Amino acid sequence: MSNPPQPGLDLGHLMTEQINAASAGLDTLPTAEMLAVFNREDQRVALAVEQELPRIAQAVDAIADAIRAGGRLFYTGAGTSGRLGVLDASECPPTFNVPAGLVVGLIAGGDTALRNAVEGSEDSAVAGRADLQAHGFTKADVLVGIAASGRTPYVLGGMALANELGAVTIAIACSPDSAIGRAAQIPIEVLSGPEVVTGSTRLKAGTATKLVLNMLSTGAMVKLGYVYSNLMVNVQPTNEKLQDRAIRIVMAISGLDRAAAAAALSASGRDVRLAIVMGKLGLSREQAAEKLKASGGRVREAIG
């Protein structure tokens, strides 16, 4: 049963709830003009993210340091924010070949909320704490709280627990001076402005959040050595497209032709980093593994 409306709760001051003058009369516009409004507003998002690059850089370094020391990266959010966190977490294993539990996405209401609205789940700070505890969250881990409005109780509950434990806390919000920003050690507040459809934060705020999440996870993985130049050297070749990509990556870095690169990939046990070191330095699988181990898994250092 739905919670009854709360007459005393007025969120009209939040940037994400304000009316956008640029999209007034949206329903009266011809389709092309309507889409032009969307497009002009979307262009503001990247510029808003640019303003937060110093905080995003600080967050990337903190995440990489924590993972290097044996910690994990957690995202927590509700609705669109939660779904975007789960999406980013789920894409890290196939992209960077990291363990499935290294980057964890939590959403208010659980996995059911990925496809369905779970009424009232975002309003429970207790659930935010409990979900983190259920995953064994510790001070070695990093928590990224995501809430476009910046005030979601579920997220604040999780952040309170993380702060009590002494873990690194990061906030992604799209409102200034947000509650989750104040609760975080590293507040990232992307002021993407009022939405084209008032309050629909799956639009500009969702785009801003996705851009920041892209930077956090990818930036951390670059720092950890899972990218050489701009190539995903730890990709899992689990389908035909990714097998082709893996071969081309081995070719690009080792200088081998396609047949030799494919052979090296096969001999490596389909480990792209091993195949690169084997092909580039003419080493056996065992010798290449030792080189990679000595370099902390970083291909650039392993091949000199």
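Only a predicted model underlies this, so the values are computations on that prediction, with no experimental measurement involved.

In terms of regular secondary structure, the protein is built from twelve helices and five strands. Across the 304 residues that make up the protein, the buried fraction comes to 45%. Look at the contacts in the protein between residues 6 or more apart in sequence, and 65% of them connect residues 24 or more apart. On the protein, roughly 14600 Å² of surface is accessible, and the fraction owed to carbon and sulfur atoms is 53%. Side-chain charges of the protein comprise 27 positive and 29 negative groups, with the mean position of each set lying 8 Å from the other.

Under the criterion given, the structure shown has zero disulfides. Distance from the sulfur of Cys92, which forms no disulfide, to the nearest cysteine sulfur (Cys174) is 20 Å. Judged by relative accessible area, Cys92 falls into the buried class, the value being 1%. The buried category is assigned to Cys174, whose relative accessible area is 1%.

The next point concerns the environment of Leu213. As for its placement among the helices and strands, Leu213 is situated in helix α7 (residues 204–223). Leu213 sits in the buried class, given a relative accessible area of 0%. Residues Leu213 and Gly279, spaced 66 residues apart in sequence, show a C-alpha to C-alpha distance of 34 Å. The contacts of Leu213, once residues within four sequence positions are left out, are Tyr75, Leu84, Gly85, Asp88, Ile146 and Ile172.

This next bit is on the side chain of Glu41. Note on placement: Glu41 falls in helix α1 (residues 31–50). In terms of polar contacts, Glu41 uses its side chain to reach the side chain of Asn20, at 2.9 Å.

Another aspect to go through is unusual backbone geometry. Of note, Asp177 is a non-glycine position whose phi angle comes to about 50°, a positive value. What makes Asp177 exposed here is its relative accessible area of 58%. Positive phi values are uncommon outside glycine, yet Arg270 reaches one of about 65°. You can see Arg270 is positioned in the loop between α9 (258–267) and α10 (272–281).

Counting buried positions over the five residues of strand β2 (residues 103–107) gives four, a clear majority of the element. The pairing of strand β1 (residues 73–77) with β2 spans five bridges and is parallel. Bridged to Gly77 within β2 is Ile107. With helix α3 (residues 79–96) bridging β1 and its parallel neighbour β2, the resulting β-α-β unit is right-handed.

Quick look at the environment of Ser121 now. Position of Ser121 among the secondary structure elements: in the loop between β2 and α4 (125–134). Judged by relative accessible area, Ser121 falls into the buried class, the value being 17%. In this structure, Ser121 is in contact with Ala108, Gly109 and Tyr154, ignoring residues within four places of it in sequence. Here Ala108 takes part through its backbone oxygen, which lies 3.4 Å from a polar atom of the side chain of Ser121.

As a further point, take the packing of aromatic side chains. For the structure on display, the rule yields one aromatic pair. Plain terms: the ring middles of Phe74 and Phe137 are 5.1 Å apart, the flat faces sit at 75° to each other, and that makes the pair edge-to-face. Taken together, the positions of Phe74 in strand β1 and Phe137 in the loop between α4 and β3 (142–147) put the pair 63 residues apart, joining distant regions of the chain. Classification of Phe74 by relative accessible area gives buried; the value is 0%. Phe137 sits in the buried class, given a relative accessible area of 7%. In this structure, Arg300 is placed above the aromatic ring of Tyr228, and the distance from its NZ or CZ to the ring centre is 4.3 Å.

Attention now moves to the sheet that holds β3. As summarised here, the arrangement of the five strands in space is β2-β1-β3-β4-β5, forming an open sheet in which the pairing is parallel. The open sheet has two free edges, formed respectively by β2 and β5 (186–189), since each of these has just one partner strand. For this sheet the average axis-to-axis angle between neighbouring strands, irrespective of direction, equals 15°. The strands touched by α7 are β1, β2, β3, β4 (168–173) and β5; relative to β4, the strand with the most contacts, the crossing angle is about 150°.

About the cut-offs
Residues numbered from 1 in each chain as written. Predicted model: local features only at pLDDT ≥ 70, side-chain atom pairs only at ≥ 80, totals over all residues. Heavy atoms only, no water. Helix = DSSP H or I, 4+ residues; strand = E, 2+ residues; numbered from the N terminus. Buried < 20%, exposed > 50% of the residue type's maximum accessible area, 1.4 Å probe, protein only. Contact = heavy atoms within 4.5 Å. Areas by Shrake-Rupley, 256 points an atom, 1.4 Å probe, with all protein chains shown as cover. Lys, Arg positive; Asp, Glu negative; His and termini not counted. Charge placed at Lys NZ, Arg CZ, Asp CG, Glu CD. Disulfide = S-S within 2.5 Å. Polar contact = N/O pair within 3.5 Å; in protein donor to acceptor, adjacent residues only side chain to side chain. Pairing = 2+ DSSP bridges. Right-handed = clockwise from strand over helix to strand, strands pointing away. Phe/Tyr/Trp six-rings, centres within 6.5 Å; stacked < 30°, edge-to-face > 60°. Lys NZ or Arg CZ within 6 Å of the ring centre and 35° of its normal. Axes fitted to C-alpha atoms, helices over the stretch in contact; angles between N-to-C directions.

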